[in-house]
Amino acid sequence: MARHFAAAGAGAVQRYYCGGACDGRDDGAVQAMLQCQRVSDFLIAASYLSIPLELLYFASCADLAPLKWLLLQLAAFAVLGGATHLLAVFSLAHPHSSGLLLASTAAKLLAALVSFATAVSLVALIPRLIRAKLREAFLRAKARQLDRDLGLIRRRVEATSRVVRMLTHRIRSSPLDAHSILHTTMLHLADALELHSCAVWMPGRDAGDDLHLVHQLSLRGKGPVRVVLGSQAPISPGDPDVIDVMASEAAKVLRPGSELATASSGELQPPGAVAAIRIPMLEVSNFDGGKTPVASSYAILVLALRSKASGSGSREWSGHDLEVVQVIADQVAVALSHAAVLEEWQAMSDRLAEQNRALLHAKQDAMMATEGINSIQSAMCDGMRRPMYSIIGLLSMVRQAEDMRPEQRLVADAIARTSTLSLALMNDVDTETLTVNRMPFDLRSLMREAMSVAGCLASCGGAGFSYQLENALPEWVVGDETRVFHLLLQMAGDVLGQRRDGAGRLSFSIKSCSADQKDCIPVCPNLSAGCSICVEFQVAMERSTGCSQPPSSPASSQINMCKKIVQMMNGTMWSASDGESITLILHFQLQQSRVCRRTSSSIPHFNGLRILLADGDGMSRAVTQKLLEQLGCQVISVSSGAHCLALLGSAGSSFQLLLLDLDMDAFEVALQIRGLKNRRWLLIVAALAVTVDDNIREMCRHSGINGLIQKPLTLTALGAQLHRVLRN
């Protein structure tokens, strides 16, 4: 309002100076003052008009709903005041305008009304502002008090945390033994909480047993003293204090004159307040896989405070102290559970160690038994293999006789093939492996020999025998003839083994498969090398019409073994449900017969070749000597490597070739022979029963052996190897 009066005064001054100017006074000073008033009024009007904008901005940023009318009044007052000063600026420029005078008068009148209303509103608002300020001061005082209380609480929490960490560290660093854990807990609790005594009561093994004092610690003078146990009587689980402590996880302050408090202090009456808390006694059986194990029994920890100085009253348990005791009790429960787990683990470790020692002893016994079985098995196989070598060698000489009748030659060939099969089965048992060796062989000759042996088996079993051999079968095929012979004899034996009486007839059927049969491929139209043929072998038992006795169950173990061999030969084998017929289908690669005949060379003849034979087995030595003599050689035999070295070391011996049949000792004997000056260029041939591989060939090259013959020694193989060695 003062500003309005100033504006009115300015108008009067303007009129005064205008009148003065009209009187002829200085116009420059008057114009300067008027210009200054214009600028001032314009700035005042701009300031007044900006105030509503600021009020609206702050009203949008904050919740000012209770002051809405006051803000509107202040905004109207500022707008009208600014309008008054703005009109004053124009009035200075046009002093005689009646419109400006009317507008200025209306603006001043409205400004007067609004300013009066604003003044009245401020009278009611100022006490509210004072009360808000007082409330703010009160809240600030409360906040400062809360900060002080929060700081005190934080300091208490930090102190509690330090005590708990210290006690937890002491508990966890103590030996993992239940008695050591409890003693460490009592000792450090007494030091941290200034206790007079501590005691631990534990129940018996059975539920409902009395509680017995198992640990007690009393502080006399400067340090803790262990109290002798045994003088305190047990406490019944029905005691009110025991029931109250057992019912809650929190620490409880015992009532004065409590039996539990009195018994825990021993002969000394506790001078301070007594508190107790339960401790879960967890066992391994409580950890059943759940998240929280349930304790089967609880112990009670009793703590008695130390009294204050004389005349100052007794100490009491605070909530802070009880919280510390509760946290420490939880840590003790965890430590005791760890101790229980460790104790159970140690006991289990001892049991497992004892079982491990027993298992190692049993394993050692089993290994010794296995070694014994393997040694016996190797000895048995070797004992059976050596006569078989001799039989195969003799049969190779018998089969070369030209004056044999066809039936005699068939019997000799069948015996030779059966001996070869027996030797292959013994090698399978010894090496515990099954191998397939595919070579060209005469399929028709194999069938005749197999039928001969099967007929003998049927005759021995009192059954008849018949077979059908298809004429379209090829003569030469590629495959493992020993395994095929084995399968045929096994099929005949299995079918004959199903009979319970002597009636019936064993029948063989061998034919090539057609394209529409099971798992078969058609025969190649031209029997050239590289084509395949599928042959079906079927063995069946044809029973008499009057026989009605059911057959026995088939021997599944032998059938499974045969099926494994058939699988290795890419064939198929199945038997009828009654076990009286077995069908075998094998695939063979065709081989030209003229190629096979051209590759089979005749037996060479060595005219007077002087050979020294070293063989430790008497029967094998005699058979090998006969084979060499059959080849036209002059043979002198010795029974050991030492005799061989002694004979070769003599000056009068003149041998052209040495045949060593000493198994693995042949390499050592050959090395010693190469050390003799007069025998460095002697031809050496070794006969071995092991499979010849790269390692054996390297040993032969290192020891100076010129040739190798794998047992059994036959007339054809021996002649071919000697011819190869002499030619090289």
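Since the structure is predicted, the reported quantities are computational estimates derived from the model, not experimental observations. (Residues numbered from 1 in each chain as written. Predicted model: local features only at pLDDT ≥ 70, side-chain atom pairs only at ≥ 80, totals over all residues. Heavy atoms only, no water.)

**Details of the overall build of the protein chain**
No. 1: Scanning the protein chain from terminus to terminus reveals 18 helices and 18 strands.
No. 2: Counting over 728 residues, the protein chain shows a buried share of 37%.
No. 3: Of the contacts formed within the protein chain by residues at least 6 apart in sequence, a portion of 71% connects residues at least 24 apart.
No. 4: For the protein chain, the exposed surface amounts to about 41,000 Å²; the carbon and sulfur share of it is 58%. (Helix = DSSP H or I, 4+ residues; strand = E, 2+ residues; numbered from the N terminus. Buried < 20%, exposed > 50% of the residue type's maximum accessible area, 1.4 Å probe, protein only. Contact = heavy atoms within 4.5 Å. Areas by Shrake-Rupley, 256 points an atom, 1.4 Å probe, with all protein chains shown as cover.)

**Observations concerning the sheet that holds strand β18 (residues 707–710)**
No. 1: Overall, parallel pairing links the five strands, which are arranged β15-β14-β16-β17-β18 in an open sheet. Of all strands in the sheet, those with a lone pairing partner are β15 (633–638) and β18, marking the two edges. Neighbouring strand axes in the sheet, compared pairwise and without regard to direction, differ in orientation by 20° on average.
No. 2: In the sheet, strand β17 (residues 683–688) pairs with β18 via four bridges, with the strands oriented parallel. If you follow A687 over to β18, its bridge partner there is I709.
No. 3: The strands touched by helix α16 (residues 665–675) within the sheet are β16 (657–661) and β17, with β17 carrying the most contacts at an inclination of about 170°. (Pairing = 2+ DSSP bridges. Axes fitted to C-alpha atoms, helices over the stretch in contact; angles between N-to-C directions.)

**Details of the packing of aromatic side chains**
No. 1: With the rule as written, the count across this model stands at three aromatic pairs.
No. 2: Seen in terms of ring centroids, F441 and F588 are 6.0 Å apart; in terms of plane orientation they differ by 75°. Their pairing is edge-to-face. Of this pair, F441 sits in strand β7 (residues 439–442) while F588 sits in strand β13 (residues 581–590), and the two are 147 residues apart along the sequence. Exposure class is identical for F441 and F588. Each is buried.
No. 3: Here the basic side chain of R278 rests over the ring of Y298, its NZ or CZ set 4.3 Å away from the ring centre. (Phe/Tyr/Trp six-rings, centres within 6.5 Å; stacked < 30°, edge-to-face > 60°. Lys NZ or Arg CZ within 6 Å of the ring centre and 35° of its normal.)

**Some words on the nonpolar core**
No. 1: Counting residues in hydrophobic clusters, the biggest one holds 42 residues, and the most contacted among them are L506, F508, F537, L586 and F588.
No. 2: Secondary structure elements with two or more residues in this core: α9 (406–431), α10 (443–460), α11 (481–496), β10 (505–512), β11 (532–542), α12 (556–568) and β13.
No. 3: Of all the elements, α11 adds the most residues to this core, at nine residues.
No. 4: Non-local contacts of F508, meaning those with residues more than four positions away in its chain, are made with M451, A454, F465, S466, Y467, Q468, L488, A492, Q538 and V539.
No. 5: Formed by 32 residues, the second largest nonpolar core is a distinct cluster that contains L182, A190, I277 and A335. (Core = buried A, V, L, I, M, F, W, Y, C linked by side-chain atoms within 4.5 Å.)

**Considering helix α18 (residues 715–727)**
No. 1: Taking 1.5 Å per residue, 13 residues should reach 18 Å; α18 reaches 18 Å between its end C-alpha atoms and fits that length.
No. 2: The set of residues buried in α18 consists of L715, L718, G719, Q721, L722 and V725. Within α18, the buried residues cover an arc of 165° as seen down the axis, which keeps them to one side.
No. 3: Looking at the packing, one finds that the buried side of α18 touches α8 (319–398), β14 (609–615), α14 (618–630), β16, β17 and β18. (Expected span 1.5 Å × (residues − 1). Arc of directions from axis to C-beta.)

**Structural notes on the state of the cysteines**
No. 1: Per the stated rule, a full pass over the model turns up zero disulfides.
No. 2: C460 forms no disulfide, and the closest cysteine sulfur to it belongs to C456, at a distance of 6.6 Å.
No. 3: For C460, a relative accessible area of 72% puts it in the exposed group. (Disulfide = S-S within 2.5 Å.)

**Thoughts on the side chain of D241**
No. 1: Note on placement: D241 falls in helix α6 (residues 240–246).
No. 2: Residue D241 is classed as buried on the basis of its relative accessible area of 7%.

**Observations concerning the UniProt feature "modified residue: 4-aspartylphosphate" (unreviewed entry) in the protein chain**
No. 1: UniProt's feature table lists "modified residue: 4-aspartylphosphate" (unreviewed entry) at D661, given in the numbering used throughout.
No. 2: Note on placement: D661 falls in strand β16.
No. 3: Look past the residues within four positions of D661 in its chain and what remains in contact with it is A614, D615, G616, S620, T624, A687 and K711. (UniProt positions renumbered as here; feature names shortened; annotations may be inferred.)

**Here's the deal with the packing of helix α5 (residues 178–193) against α8**
No. 1: Packing of α5 against α8 leaves a shortest axis separation of 10 Å and a crossing angle of 165°. It follows from the interaxial angle that α5 and α8 lie roughly antiparallel. Seen from above, α5 lies across α8 with right-handed handedness. Judged by residue contacts, A178, I181, L182, T185, L189 and L193 of α5 engage D321, V324, V325, I328, V332, A335, L336 and A339 from α8.
No. 2: Along the lines of polarity and charge, the residues of the contact of α5 with α8 split into 12 nonpolar, one polar and one charged. (Parallel < 35°, antiparallel > 145°, perpendicular 65-115°, else oblique. Left-handed = near helix turned anticlockwise from the far one by under 90°. Nonpolar A, V, L, I, M, F, W, Y, C, P; charged D, E, K, R; others polar.)

**Thoughts on the pattern of salt bridges**
No. 1: Using the criterion set out here, one finds 14 salt bridges in the structure.
No. 2: A salt bridge links D413 to R399; the shortest N-O distance between them is 2.7 Å. Here the residue D413 occupies a position in helix α9, and R399 occupies one in the loop between α8 and α9, the gap between them amounting to 14 residues.
No. 3: Owing to a relative accessible area of 35%, R399 belongs among the partly exposed residues under this scheme.
No. 4: Where E698 meets R701, a salt bridge forms, and the shortest distance between an N and an O atom there is 2.4 Å. Taken together, the residues E698 and R701, both in helix α17 (residues 694–703) and three residues apart, mark about one turn of the helix.
No. 5: On the basis of relative accessible area, E698 is assigned to the partly exposed category, the value being 41%.
No. 6: Salt bridges sharing partners connect three or more residues here, namely K133, E136 and R140. (Salt bridge = Lys/Arg side-chain N within 4 Å of Asp/Glu carboxyl O.)

**Details of the packing of α8 against α14**
No. 1: One way to put it is that α8 packs onto α14 with a least axis distance of 9 Å and a crossing angle of 20°. As summarised for this structure, α8 and α14 are arranged roughly parallel, according to the angle between their axes. For the crossing formed where α8 meets α14, the hand is left-handed. The residues of α14 that touch α8, namely those facing P387, S390, G393, L394, S396 and M397, are M619, S620, V623, K626, L627 and Q630.
No. 2: The residue inventory of the contact of α8 with α14, partitioned by class, reads six nonpolar, five polar and one charged.

**Structural notes on the side chain of Q721**
No. 1: Summarising the element assignment, Q721 is placed in helix α18.
No. 2: The exposure class assigned to Q721 is buried, which follows from its relative accessible area of 11%.
No. 3: With residues near it in sequence (within four places) discarded, Q721 still touches V685, G707, L708 and I709.

**A short note on the environment of A450**
No. 1: Checked against the element boundaries, A450 lands in helix α10.
No. 2: Residue classification places A450 among the buried residues on the basis of a relative accessible area of 1%.
No. 3: Along the primary structure A450 and D413 are separated by 37 residues, whereas in three dimensions their C-alpha atoms are 10.0 Å apart.

**As for unusual backbone geometry**
No. 1: Omega for the bond connecting K711 with P712 falls within 30 degrees of zero, at 5°, which places this linkage in the cis form.
No. 2: For P712, the location among the structural elements is in the loop between β18 and α18.
No. 3: Non-glycine residue N570 carries a positive phi angle of around 60°.
No. 4: Within the secondary structure, N570 sits in the loop between α12 and β12 (572–575).

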